[in-house]
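# Survey of secondary and tertiary structure
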Amino acid sequence: MGARPSKARYQTRNTTAVAVKQEPPSPVEHPYHYEAYKICSSKDILDLFKLYEEDPNISKKQVLLVVALDQSNNSIRRSFDPTGLIRKIIEEKERQKKDIAQNHLQNVEFTPAFIRHDIATLDQLVNLMATAEKEGSHIKAVGSFYAFGNVCETDGILVKTDLLSQCTQTDLSRLTEHAKADAEKNDIVYFEVLSGTTFADIIKVLNKHNRALINLGGFTGQSIAGATSTSTHGSGINIPPLSSMIVSVHLIAPGGHQYRIEPSNGITNPTAFRSANTNVTLIQDSEVFSASVVSIGSLGISYSFTIITIPIYSLIETREMLTWETVKPTMMTEIVEKHRNGEIWVNPYTGEALVTKRDIATKEEIDKYGNTISIQTRKDLGSFLEHPLVKSLAEQLGTAVGTALGNLMHLFPHYIPQLIDTALKSQYHKTPIVDTYDNIYPVGIVNDFPAISIEISYSIKDDNHILATESAIKRLQQLRDTKKLSLTSFFSLRFVAASDQYLSMSYGEPRCAIEFPILYTDGHYFPEVYKPLIEDALRFGGRVHLGQWQPPSFNSHYLSQVYPDGGLTAFRNQITKFDPKGTMTNTLLRQLGLVPNSPLEPVVRDLAF
Ligand SMILES: Cc1cc2nc3c(=O)[nH]c(=O)nc-3n(C[C@H](O)[C@H](O)[C@H](O)COP(=O)(O)OP(=O)(O)OC[C@H]3O[C@@H](n4cnc5c(N)ncnc54)[C@H](O)[C@@H]3O)c2cc1C
């Protein structure tokens, strides 16, 4: 049994932001919420916890209500099952459905013709790509399978790439004299990385060589191919998405044709390459390269990449608890433009904002603060998860404690603002922390929550991103007031430099990416919350993250409104060149008009959500 969290530790600071309305839910429209409200209507979750501890009748009611709401939503896979019968039936069904493909969160499920788990060599991959095209079968690669949308879906062959995992130093004899001189001058070392290798595994190898990746997102579980093909990014107005670390791609196109694709001034020495590689065509052309990394697997399957690494570095991270209103006026000049990484996490309901600034640590800073990252700053959030009510719910629902807390928030929505503030504060630290980059960037415990998210990137011209943020706050508050639906997390603003990759969310200009995570407790709930945000996305020219959740309205018409026409046309031309028969095509690519020989005029579809 976890210790009861003390009230003082969770007290939220007064804020000037909008007060949250509190009216009882309608007993007709929201019967479960009405019952819950009768149990406890205070805004402080500790009162709910106290009732659980002090009154056995109420504790029973609390748990039963969550379980009943959960079952009525038909959202969680396992229900209350004292005899174990339901579990047995589900397990049997799962055995029968072993060829069903499911992403990590289990919000995406499809049935490919078959799944290849055994691809471990280049020859196997080349043969498979040749066979797929010959037999007219679709084919798609999957990396770590984290994407929340339908980017991995196929009705043909699904190729698991986890056995394609390796990271080794590049053979310099392959490179041009110019690339070698450039590497020496800029202290760059190139590495060859197989496409299924996760960032966590790449980092392990690089650490042994005292090398590092230029930047990271908040998580390292993705494969390099999966992450870069969706334009995954960290934060830094001067740092492009992670795809920018790739300088050369070994692509296996349908038919088993092999290409080494690089920008026009590529690193590979063509003469040396051609004499050593008769089966691989070298293409050094920036127009082709700009379609070859962020591609959601539409040109073929990447076998490996050459990446840039820099000397290992430490970061100093400072954090401040402010409010959105105080951050907003000087956000760009004081946070984003002054620091290597600046990001802001905002509670849309209280206006509390956690500001993070990171820079390369100097020797003095390393000496002063040492390697100070610790999980201590996260313990407030941890003790909520350890509360007996949350643990008991997790047991009854057969879920992780994060999901149980999400269910509780769903039933008692009046605690959401307070819980989000607690989550923000759990990440705050008063003194700066210093550690190597791989210990600072990953956000840790927040990644352990079963959450889904949508992320939308906005142009920062004329404060467009600030207008979009303000609008999102207003929309989220309205939704909470009128429909009692809430975002169950803070949202974050990160900044990304321009990318040359046509499909990148930051193609052509630096952008601000706003991510809206929500605990994944109810499959029907989150699209309702995202609906007004998507409407706003179009109003403010927002581009949707390809590796997060995409709304049904994300189609060719949408793309043509938010991406410059030239880039999309250039991208489609490359699809036509590498995949003329549409072997890589899937439902999403068709919906986006990213198919071979697709008409230049995009298909106009119903934009309704
Ligand atoms: C906990 C968590 C934290 C996250 N944090 C961030 C973050 O900080 N910043 C951010 O921008 N995003 C973030 N994301 C989003 C995440 O980076 C993307 O969903 C990413 O695409 C997942 O990588 P994956 O290896 O799981 O890809 P998958 O889901 O396996 O695949 C994604 C796409 O890549 C294609 N693909 C995979 N392998 C190959 C290959 N060998 N050749 C060709 N195509 C291939 C697939 O066909 C698919 O189209 C996060 C997601 C999670 C779950």
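Residues numbered from 1 in each chain as written. Predicted model: local features only at pLDDT ≥ 70, side-chain atom pairs only at ≥ 80, totals over all residues. Heavy atoms only, no water.

Looking up the protein chain in an unreviewed UniProt entry gives the name D-arabinono-1,4-lactone oxidase, with the organism given as Jimgerdemannia flammicorona. Turning to the protein chain, the UniProt annotation filed under Pathway (unreviewed entry) states: "Cofactor biosynthesis; D-erythroascorbate biosynthesis; dehydro-D-arabinono-1,4-lactone from D-arabinose: step 2/2." (UniProt positions renumbered as here; feature names shortened; annotations may be inferred.)

With antiparallel pairing, the eight strands of this open sheet are ordered in space as β16-β13-β15-β14-β18-β19-β17-β20. Taken across any chain shown, the strands that pair with only one partner, and hence form the sheet edges, are β16 (433-436) and β20 (543-544). Where strand β13 (residues 314-323) lies against β16, four bridges are found, and the strand directions are antiparallel. The residue of β16 that forms the bridge with S314 is T436. The sheet contacts of helix α18 (residues 416-426) involve β13, β14 (341-346) and β15 (352-360), and relative to β15 the element is tilted by about 20 degrees. (Pairing = 2+ DSSP bridges. Helix = DSSP H or I, 4+ residues; strand = E, 2+ residues; numbered from the N terminus. Contact = heavy atoms within 4.5 Å. Axes fitted to C-alpha atoms, helices over the stretch in contact; angles between N-to-C directions.)

This brings us to the environment of I466. Here I466 is to be found in helix α20 (residues 464-483). Non-local contacts of I466, meaning those with residues more than four positions away in its chain, are made with W324, K328 and M331.

What follows concerns the sheet that holds strand β3 (residues 114-116). On the basis of which strands lie adjacent, the open sheet formed by three strands has the order β3-β5-β4 and parallel pairing. The sheet is open, and its two edges are formed by β3 and β4 (139-142), each paired on a single side. Ignoring which end each strand starts from, the neighbouring axes of this sheet average 25 degrees apart. Examined bridge by bridge, β4 and strand β5 (residues 157-160) share four bridges and lie parallel to one another. Its bridge partner being in β5, A141 is matched across the sheet by V159. Together, β3, β4 and β5 form the strand contacts of helix α6 (residues 122-135), whose direction differs from that of β5 by roughly 170 degrees.

Take the site of the ligand next. Lining the immediate surroundings of the ligand are 34 residues, of which A141, G143, S223, T232 and G547 lie closest. Between an oxygen atom of the ligand and a main-chain N or O atom of A147, the distance comes to 3.0 Å. A distance of 3.3 Å separates a nitrogen atom of the ligand from a polar side-chain atom of S195. For the ligand, whose free accessible area comes to 980 Å², the fraction covered by protein is 95%. Residue assignment for the shell around the ligand shows that the elements contributing at least two residues are β4, α9 (224-229) and β12 (301-311). Ranked by residues supplied to the shell around the ligand, first place goes to α9 with four residues. When the residues that make up the shell around the ligand are grouped by side-chain class, the tally is 13 nonpolar, 19 polar and two charged. (Near = heavy atom within 4 Å. Polar contact = N/O pair within 3.5 Å; in protein donor to acceptor, adjacent residues only side chain to side chain. Areas by Shrake-Rupley, 256 points an atom, 1.4 Å probe, with all protein chains shown as cover. Nonpolar A, V, L, I, M, F, W, Y, C, P; charged D, E, K, R; others polar.)

Core analysis: the largest hydrophobic core is formed by 150 residues, its most contacted members being M331, F516 and Y530. In terms of residues, this core owes the most to one element, helix α21 (residues 525-539), which gives seven residues. Among residues more than four places away in sequence, those in contact with F516 are I452, S453, I454, I456, A472, L476, L487, F491, Y530 and L533. Counting residues in hydrophobic clusters, the runner-up holds 15 residues, among them I119, L128, M129 and Y303. (Core = buried A, V, L, I, M, F, W, Y, C linked by side-chain atoms within 4.5 Å. Buried < 20%, exposed > 50% of the residue type's maximum accessible area, 1.4 Å probe, protein only.)

It is worth spelling out the environment of V390 at this point. Following the sequence through the fold, V390 ends up in helix α16 (residues 388-397). A relative accessible area of 0% means that V390 is categorised as buried. When the C-alpha positions of V390 and V401 are compared, they lie 6.3 Å apart, and in sequence the two are eleven residues distant. In contact with V390, other than residues within four places in its own chain, are F49, F384, L385, V401, A404, L405 and L408.

Time to look at the pairing of strand β10 (residues 257-262). With five of six residues buried, β10 is to be regarded as a mostly interior element. Relative to β10, strand β9 (residues 246-253) runs antiparallel, the two sharing five bridges. In the sheet register, V249 faces β10, and the bridge partner there is I261. Taken together, β9 and the strand that follows it, β10, pair antiparallel across an intervening segment of three residues, in which G255 is found at a positive phi of about 90 degrees. Inspection of the sheet shows β10 paired to strand β11 (residues 280-284) by five bridges, in the parallel sense. Paired with E262 across the bridge in β11 is Q284.

A few words on the packing of aromatic side chains. One pass over the full model with this rule turns up 14 aromatic pairs. Geometrically, the ring pair formed by F412 and Y415 is tilted, given 5.8 Å between the ring centres and 40 degrees between the ring planes. In terms of burial, F412 and Y415 fall into one category: buried. With a centroid separation of 5.1 Å and 85 degrees between ring planes, the pair formed by F526 and W549 is classed as edge-to-face. Of this pair, F526 sits in helix α21 while W549 sits in the loop between β20 and α22 (556-562), and the two are 23 residues apart along the sequence. In this pair, the class of F526 matches that of W549, namely buried. (Phe/Tyr/Trp six-rings, centres within 6.5 Å; stacked < 30°, edge-to-face > 60°.)

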